[in-house]
Amino acid sequence: MAHSLTLAVIQAPFGDDLHDNIARTERLIRDAAALGAQVILPPELFQGPYFCVRQEERWFQTARPWREHPCVTALAPLAAELDVVLPISIFEREGPHYFNSLVMVDAGGALLGLYRKSHIPDGPGYQEKYYFRPGDTGFRAWNTRHGRLGVGICWDQWYPEAARAMALMGAQVLLYPTAIGSEPHDPELDTATPWRRAMQGHAVANVIPVAGANRTGFEPWADYPGGGQTFYGSSFVCDHRGDLAAELGRDEEGVALASFDLDFLDRHRAAWGFFRDRRPDLYGALVTSRPT
């Protein structure tokens, strides 16, 4: 029997209330699981509004140690109940250090480990360097009950070397939780299409399905251009060719999912020869080990 994987992304607006955000995410996870999803990806930092629009020290108090984070303690039991894998994005505190992190929760509820966002943006509306240290975990690929998964976080998705590193570690799908939308310095700039295209390119170059989960909706901020930030949704799952297999609209709340034959993809990836014909002697090795 073929080894198949059904992958879902969640898209929703999020507000100031942590418990409401968790409850909304739980409801959508249940919806996705009822449709047969085995791996379910929520958006980046769904614990609250995307606070990195500007620099305010009050947000540091919302960070927690990763094993104790309310999003993790609330949703890990759900992963056990539904037998689904949940990559959970959090604002993490480790002693005096703060990270934009992801906890991989396996089907069964086990916490498999932590990835800390490697690439930290710093620009109008996305002032993350004020809040987060660059990640120190390196890229990761996890063996889960439903497949070997690689996960980057938002800004990581623009870097082809990050996708290639996870693919070289044996990832069978790539996942990118995201928070991206309007640009306060240029109201005419809309990055939704290139945002998708960048990740679709990773799919083609690595012969691998890719999923991006974004938030949606308008988040008001006083004295902010336009009165706040609008997130453009457009969450999707694409196949190994980069073709869209499932998607959500800009303003839609819900789930989108698609199924893949992982055995076929392993063979097809080998047949393309991209990894066979790599020349690390020319540009350096991206991966020196295969973390579990």
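Residues numbered from 1 in each chain as written. Predicted model: local features only at pLDDT ≥ 70, side-chain atom pairs only at ≥ 80, totals over all residues. Heavy atoms only, no water.

> So, the overall build of the chain: which residues are in play, and what are the values?
Across its full length, the chain carries six helices and 16 strands. In terms of C-alpha radius of gyration, the chain reaches 18 Å, essentially the compact-globule figure of 19 Å for 292 residues. Each of the three principal axes of the chain carries a C-alpha extent, and together these read 55 × 45 × 40 Å. Split into buried and exposed, the 292 residues of the chain put 55% on the buried side. Pairs at least 24 residues apart make up 69% of the contacts formed inside the chain by residues separated by at least 6 positions. Of the roughly 12100 Å² of accessible surface on the chain, 52% is carried by carbon and sulfur atoms. Both charge centroids of the chain, one from 27 positive and one from 36 negative side chains, sit 6 Å from each other. (Helix = DSSP H or I, 4+ residues; strand = E, 2+ residues; numbered from the N terminus. Rg over C-alpha atoms; globule rule 2.2 N^0.38 Å. Buried < 20%, exposed > 50% of the residue type's maximum accessible area, 1.4 Å probe, protein only. Contact = heavy atoms within 4.5 Å. Areas by Shrake-Rupley, 256 points an atom, 1.4 Å probe, with all protein chains shown as cover. Lys, Arg positive; Asp, Glu negative; His and termini not counted. Charge placed at Lys NZ, Arg CZ, Asp CG, Glu CD.)

> If you had to explain the nonpolar core to someone new, which residues and values would you point to?
In terms of nonpolar packing, the biggest core is built from 65 residues, with Phe-51, Phe-91 and Leu-175 touching the most fellow members. Leu-175 has contacts with Leu-7, Val-39, Leu-41, Pro-87, Leu-149, Gly-150, Val-151, Gly-152 and Ala-211, leaving out every residue within four places of it along the chain. With 26 residues, the next largest nonpolar core counts Ala-12, Phe-14, Ile-90 and Val-103 among its residues. (Core = buried A, V, L, I, M, F, W, Y, C linked by side-chain atoms within 4.5 Å.)

> Any chance you could break down the packing of helix α3 (residues 160–168) against helix α4 (residues 192–206) for me, citing the residues and the numbers?
Following both chains from N to C, one finds α3 and α4 inclined at 40°, their axes separated by 10 Å at the closest point. Judged on the interaxial angle alone, α4 and α3 are oblique. Once α3 is placed against α4, the crossing between them reads as right-handed. Where α3 approaches α4, its residues Pro-160, Ala-163, Arg-164 and Ala-167 are matched on the opposing element by His-202, Ala-205 and Asn-206. A breakdown of the residues in the contact of α3 with α4 according to their chemical character gives four nonpolar, two polar and one charged. (Axes fitted to C-alpha atoms, helices over the stretch in contact; angles between N-to-C directions. Parallel < 35°, antiparallel > 145°, perpendicular 65-115°, else oblique. Left-handed = near helix turned anticlockwise from the far one by under 90°. Nonpolar A, V, L, I, M, F, W, Y, C, P; charged D, E, K, R; others polar.)

> Before we move on, can you summarise the sheet that holds strand β5 (residues 111–116) with the specific residues and values?
Across the sheet, three strands lie side by side as β3-β4-β5; this open sheet has antiparallel pairing. Of all strands in the sheet, those with a lone pairing partner are β3 (86–94) and β5, marking the two edges. Neighbouring strand axes in the sheet, compared pairwise and without regard to direction, differ in orientation by 30° on average. Looking at chain direction, strand β4 (residues 97–105) and β5 are connected through five bridges and run antiparallel. Bridging across to β5, Met-104 finds its partner in Gly-113. (Pairing = 2+ DSSP bridges.)

> Can you explain the packing of helix α1 (residues 18–34) against helix α2 (residues 70–82)? Please cite residues and give values.
Between two packed helices, what matters for the description is the angle formed by their axes and the separation of those axes. It is the contact of α1 with α2, at a shortest axis distance of 11 Å, that shows an interaxial angle of 20°. Taken together, the axis directions place α1 and α2 in an arrangement best described as roughly parallel. In the crossing of α1 with α2, the sense of the turn from one axis to the other is right-handed. On the side of α1, the interface is formed by Leu-18, Ile-22, Thr-25, Glu-26, Ile-29, Arg-30 and Ala-33, while α2 contributes Pro-70, Cys-71, Ala-74, Leu-75, Leu-78, Glu-81 and Leu-82. Residues belonging to the contact of α1 with α2 are distributed by class as follows: ten nonpolar, one polar and three charged.

> An account of the environment of Trp-221 is needed here, citing residue identities and associated values.
Here Trp-221 lies in the loop between β12 (216–220) and β13 (228–232). Separated by 167 residues in the primary sequence, Trp-221 and Arg-54 place their C-alpha atoms 9.6 Å from one another. The contact partners of Trp-221, leaving out residues within four places of it in the chain, are Pro-49, Tyr-50, Phe-51, Val-53, Arg-54, Arg-58, Trp-59, Gly-227, Gly-228 and Gln-229.

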